[in-house]
Amino acid sequence: MKTPIRVAVTGAAGQIGYSLLFRIASGAMFGPDQPVILQLIEAPIEKALKALEGVAMELDDCAFPLLKGIVQTADASIGFKDANWCLLVGAKPRGPGMERADLLKDNGKIFIGQGQIIDAVAAADARIAVVGNPANTNCMIAASQAKRLPAERFTAMVRLDQNRAQSQLAKKAGVDLTAVKDIFIYGNHSPTMFPAFAHATIGGQPATKVINDDPWLQGPFCETVGKRGAAIIAARGASSAASAANALVDHVRSLVTPGAIHSVAVKSQGLYGFDANVWAGMPVRTTTAGSYEVITGYAMDAFAQSKIAATNKELVEERAFVADMIA
Ligand code: NAD
Ligand code: LMR
């Protein structure tokens, strides 16, 4: 039996938490032979902590063989203690008519304290994945607080956008979605994100040839993927939760699977036209469990360059907006 890994999850009693924890405990995130200890962190609010008790009771009631312990706490220094993975979900969701960046002033400050505490108490091999919106910039804020853990360990999730793009391409082409490969997300988790369709393939052929409709790819496709979160809020009255939890399972699963190629928002080193030190979605290849390299070889045409310039501009503006939160 392997040693259990410690997985800290913030916002554990929230919507995403409720779809996420059971998947982690069942083995979907770290594999069917990897035991886990869940360290569940909630805001110090009576209602949230009471709800967390209920979630922990349900986890018990699932009798998951891989679940070796549950910590419930409102104290982040207990919740992140010795954590190997820190999943930062806890933050306000947006409502109808809002953009994710409107959450920055409220949510950004959560990531200052959490970044500091993780750096102080998490395991030496800790990896951090940020979901709370606006995820890219919150991730940058958390990473900026860390003196011990390298910035590359802090990633933000654009996997939901990748999954959305894959699904839209498959529907348009009328194929099973497993036929769609190599669709990657560049930039911000916001309507400016760029799903780079020119590199995607469908059944081994270029997606642009199979779909043969550039106006659709450049227009409605990019728009549908970019505004899918808002469409879900309009339809459901609440932001995506099950699909977001599923994407986080995919994000981490791919990051612990050597050879996996997938979209992750990582600290930019200036590649693909992104400013250094913004967290931008790009394709990565997992090297060893938890580590990755950015895939550098994709050529960008004029359309792609203009889309990347727009999403980079937004990331730079968000960074300027939270300049006082960055260490
Ligand atoms: P929710 O309101 O249902 O749950 C959030 C939970 O976080 C609440 O239980 C709240 O008490 C808790 N919380 C707040 N501050 C906290 C703190 N400092 N420490 C610990 N817990 C804290 O929201 P949700 O639907 O679960 O969404 C959570 C976040 O994820 C939102 O910001 C949402 O916009 C974002 N989101 C991101 C993506 C993505 O693709 N990146 C997708 C969906 C949702
Ligand atoms: C999403 O993409 O579904 C989430 O980021 C939630 C939102 O605010 O759109």
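Since the structure is predicted, the reported quantities are computational estimates derived from the model, not experimental observations.

Helix and strand counts for the chain come out as 11 helices and 14 strands. Computed over C-alpha atoms, the radius of gyration of the chain comes to 19 Å, within 12% of the 20 Å expected from 2.2 N^0.38 for 327 residues, which places it in the range of a compact globule. Buried positions account for 53% of the 327 residues belonging to the chain. Looking at the chain alone, contacts between residues at least 24 apart form 73% of all its contacts between residues at least 6 apart. Here the chain displays about 13,300 Å² of accessible surface, and carbon together with sulfur accounts for 54% of that area.

What follows concerns the sheet that holds strand S7 (residues 180-181). With respect to topology, 3 strands assemble into an open sheet ordered S7-S10-S11, the strand pairing being antiparallel. The open sheet has two edge strands, S7 and strand S11 (205-206), and neither has a second partner. Direction of pairing for strand S10 (residues 201-202) relative to S11: antiparallel, over a ladder of 2 bridges. Paired with Thr201 across the bridge in S11 is Pro206.

Below, the discussion takes up the site of ligand 1. Near ligand 1 lie 28 residues; those nearest to it are Gln15, Glu42, Lys92, Val131 and Asn133. Between ligand 1 and Ala43 there is a distance of 3.4 Å, counted from a nitrogen atom to a backbone nitrogen or oxygen. Contact with the protein chains hides 85% of the accessible area of ligand 1, taken as 870 Å² for the molecule alone. Taking a 2 Å distance to the grid points as the criterion, the majority of the atoms of ligand 1 fall inside the largest pocket. Looking at the shell around ligand 1, the elements that each hand over two or more residues are helix H1 (15-26) and helix H4 (104-121). Counting residues per element, the shell around ligand 1 draws most heavily on H4, which supplies 3 residues. For the shell around ligand 1, the residue count by class is 14 nonpolar, 12 polar and 2 charged. Both domain 1 (5-156) and domain 2 (159-321) contribute no fewer than three residues apiece to the shell around ligand 1.

Right, let's talk about the state of the cysteines for a bit. Applying the stated criterion to the full structure yields 0 disulfides. Cysteine Cys139 remains unbridged, with the sulfur of Cys86 as its closest cysteine sulfur at 12 Å.

Here we come to the site of ligand 2. Around ligand 2, the neighbouring residues are Arg94, Arg100, Asn133, Leu160, Arg164, His189, Gly229, Ile233, Ser239 and Ser240. Here an oxygen atom of ligand 2 and a side-chain polar atom of Arg94 are 2.5 Å apart. Ser240 has a polar side-chain atom sitting 2.7 Å from an oxygen atom of ligand 2. For ligand 2, whose free accessible area comes to 270 Å², the fraction covered by protein is 95%. Only helix H6 (159-173) and helix H9 (228-236) provide two or more residues apiece to the shell around ligand 2. Classifying every residue of the shell around ligand 2 by side-chain character gives 2 nonpolar, 5 polar and 3 charged.

Where strand S2 (residues 36-41) meets strand S3 (residues 67-73), 6 bridges bridge the pair, whose relative direction is parallel. In the strand pairing of S3, Val36 is matched with Leu67.

Once that is clear, we can look at the domain arrangement of the chain. By domain assignment, the chain separates into domain 1 (5-156) and domain 2 (159-321). At the interface, 36 residues of domain 1 touch 42 residues of domain 2. Overall, the association of domain 1 and domain 2 removes approximately 3,100 Å² of surface from exposure, summing both partners, and the carbon and sulfur fraction of that is 62%. Joining domain 1 to domain 2, the criterion identifies 0 salt bridges. If you look at where domain 1 meets domain 2, you find 14 residue pairs in polar contact (both at pLDDT 80 or more). Its residues assigned to classes, the side of domain 1 that touches domain 2 comprises 21 nonpolar, 8 polar and 7 charged.

Parameters and conventions
Residues numbered from 1 in each chain as written. Chains lettered and ligands numbered in written order. Predicted model: local features only at pLDDT ≥ 70, side-chain atom pairs only at ≥ 80, totals over all residues. Heavy atoms only, no water. Helix = DSSP H or I, 4+ residues; strand = E, 2+ residues; numbered from the N terminus. Rg over C-alpha atoms; globule rule 2.2 N^0.38 Å. Buried < 20%, exposed > 50% of the residue type's maximum accessible area, 1.4 Å probe, protein only. Contact = heavy atoms within 4.5 Å. Areas by Shrake-Rupley, 256 points an atom, 1.4 Å probe, with all protein chains shown as cover. Pairing = 2+ DSSP bridges. Near = heavy atom within 4 Å. Polar contact = N/O pair within 3.5 Å; in protein donor to acceptor, adjacent residues only side chain to side chain. 1 Å grid on protein atoms, 1.4 Å probe; cavity = no way out; pocket = protein on both sides within 12 Å on 5 of 7 lines; lining within 4 Å. Sits in = over half its atoms within 2 Å of the grid points. Nonpolar A, V, L, I, M, F, W, Y, C, P; charged D, E, K, R; others polar. Domains from an automatic or database assignment. Disulfide = S-S within 2.5 Å. Buried area = accessible area lost by both parts, 1.4 Å probe. Salt bridge = Lys/Arg side-chain N within 4 Å of Asp/Glu carboxyl O.

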